[in-house]
Amino acid sequence: MENIKAAIFDLDGTVLDSMWVWTEIDKRFLGDRNLEVPADYLEAIAPLGARKAAEYTIERFGLNEKVEDIMGEWFDMAMGAYENEVQCKPFVIKYLNQLKTKGIKLAVATSSDRKLIIPALKRNRIIDMFDAIITVDQVERGKGFPDIYEKAARDVGVSDNSQCIVYEDILAGIKGARMGGFKTVGVYEDHSSYEHPEMKKLSDRFIMSFKELLD
């Protein structure tokens, strides 16, 4: 962590143990339309944010539906879980506290809807640890690009990307962060484990658990 001034965290699958929510939503949403969930579907929509994911879903499956209706359906299915069930992944809170004690600024960079994540962050009592919370709908491009990480860095007052470290559980996030010159830590997540061989090659470090990073 030498010379690191800011740490930027993805939420779903990195800080929050929440990918199970989206797996169930994909099954229900597509199942209600008599469609199977393609093996690459979650990988395709994970970096996009709700609106672009809905647009992608309509185009891919030829749905005669409105983007806003799909977004609303997803939101309604996810809200209860984020409000009442989603927990932090093991050792995350200890690690966030460790970084705070070192004076490192903390930011969130997420593809999820702000209205979903805020209740989960509050219930897990970590919302006040973050100096900035950025969602992909605040930037032009998704997580395959550095836009969201660059905004997060600037919002916490760091102008040099090389002084920031990004924590991500998906390959697109690691690629986007590296494109912007950020340090990267790949984080193990069951739902994206098929991406891990390449993530291990691209990340500055890959961890199975945040316990590995504790002093």
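Before reading further, recall that the structure is shown in the block above.
Residues numbered from 1 in each chain as written. Predicted model: local features only at pLDDT ≥ 70, side-chain atom pairs only at ≥ 80, totals over all residues. Heavy atoms only, no water.

Student: Please provide a residue-by-residue account of the pattern of salt bridges, values included.
Tutor: Here the idea is simple: oppositely charged side chains can pair when their charged atoms come close. Following the criterion strictly, the structure yields 13 salt bridges and no others. Residue Glu68 pairs with Arg51 through a salt bridge whose shortest N-O separation is 3.2 Å. Pair noted here: Glu68 is in helix H4 (residues 67-84) and Arg51 is in helix H3 (residues 50-61), with a separation of 17 residues, a long-range link. Residue classification places Glu68 among the partly exposed positions, given a relative accessible area of 47%. When the shortest N-O distance is used, the salt bridge between Asp215 and Lys102 registers 3.2 Å. Linking Asp215 in the segment after strand S8 (205-207) with Lys102 in the loop between helix H5 (92-101) and strand S4 (105-110), this pair joins segments that are 113 residues apart in sequence. Via salt bridges that share partners, Asp10, Lys143 and Glu168 belong to a single interconnected network. (Salt bridge = Lys/Arg side-chain N within 4 Å of Asp/Glu carboxyl O. Helix = DSSP H or I, 4+ residues; strand = E, 2+ residues; numbered from the N terminus. Buried < 20%, exposed > 50% of the residue type's maximum accessible area, 1.4 Å probe, protein only.)

Student: Could you give an account of helix H1 (residues 19-31), with specific residues and numbers?
Tutor: Taking 1.5 Å as the rise per residue, H1 with 13 residues should run 18 Å; its terminal C-alpha atoms sit 18 Å apart, in good agreement. For H1, every residue scored as buried is listed here: Met19, Val21, Trp22, Thr23, Ile25, Asp26, Phe29 and Leu30. Of the surrounding elements, those touching the buried residues of H1 are strand S2 (16-17), helix H2 (41-45), H3, H4 and helix H6 (114-123). (Expected span 1.5 Å × (residues − 1). Contact = heavy atoms within 4.5 Å.)

Student: Lay out the environment of Thr184 in plain terms, naming residues and giving numbers.
Tutor: Note on placement: Thr184 falls in strand S7 (residues 183-187). You can call Thr184 buried: its relative accessible area is 0%. In the structure, Thr184 is positioned 15 residues away from Met199 in sequence and 9.8 Å away in space, judged by C-alpha atoms. Ignoring anything within four residues of it in the chain, the contact list for Thr184 reads Ile165, Val166, Ile174, Ala177, Arg178, Leu202, Ser203, Asp204 and Arg205.

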